[in-house]
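One-letter residues, chain by chain:
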Amino acid sequence: MQLGARWRVGDPPHRSVPVLLHGAIAEQELAHPKSDSWTLTWLEGRPRCELDDVAYVGVDALGHVLSGSVGAKPGAPGSGGPADQPGDAGADDADDDDWLS
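This report concerns the structure included in the present document. (Residues numbered from 1 in each chain as written. Predicted model: local features only at pLDDT ≥ 70, side-chain atom pairs only at ≥ 80, totals over all residues. Heavy atoms only, no water.)

### Digging into helix 1 (residues 22–31)
No. 1: Of the positions making up helix 1, those classed as buried are Ala24, Ile25, Gln28 and Glu29. One side of helix 1 holds all its buried residues, which, seen down the axis, span an arc of 140 degrees. In helix 1, the exposed positions that point more than 90 degrees away from the buried face belong to Glu27 and Leu30.
No. 2: Those residues of helix 1 hidden inside the fold are in contact with strand 1 (5–8), strand 2 (37–43), strand 3 (46–51), strand 4 (55–59) and strand 5 (65–69). (Buried < 20%, exposed > 50% of the residue type's maximum accessible area, 1.4 Å probe, protein only. Helix = DSSP H or I, 4+ residues; strand = E, 2+ residues; numbered from the N terminus. Arc of directions from axis to C-beta. Contact = heavy atoms within 4.5 Å.)

So this is what it looks like as structure tokens:
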């Protein structure tokens, strides 16, 4: 089991946040200068960091960094996810849990 964490904007990310996410976290802090704090949660073993209720940074099942506005579908055009990467067709794994049905 992995526990979440909180830290204030401007402080270094919590020690359990993968280094892979640090750059995207810094970008979101610059884009949302009035934000206050981050919350780290773990979903299916993958980190998801949420900046107040305005932005998120996380990792998809393939190890790609995702970031965008809270409420935006990860991987959707404009979300900053892998679907926005040229030549990465088929990277949208929104159905990665289809094995459950």
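### Section: the pattern of salt bridges
No. 1: With the rule as written, the count across this model stands at three salt bridges.
No. 2: One salt bridge connects arginine 46 with glutamate 44, and the closest N-O pair in it is separated by 3.7 Å.
No. 3: Look at arginine 46 and you get partly exposed, because its relative accessible area is 23%.
No. 4: For glutamate 44, a relative accessible area of 59% puts it in the exposed group.
No. 5: With its nearest N and O atoms 3.7 Å apart, the salt bridge here joins arginine 48 to glutamate 50.
No. 6: Take arginine 48: its relative accessible area is 26%, and that puts it in the partly exposed class. (Salt bridge = Lys/Arg side-chain N within 4 Å of Asp/Glu carboxyl O.)

Just distances and angles here, no functional claims.
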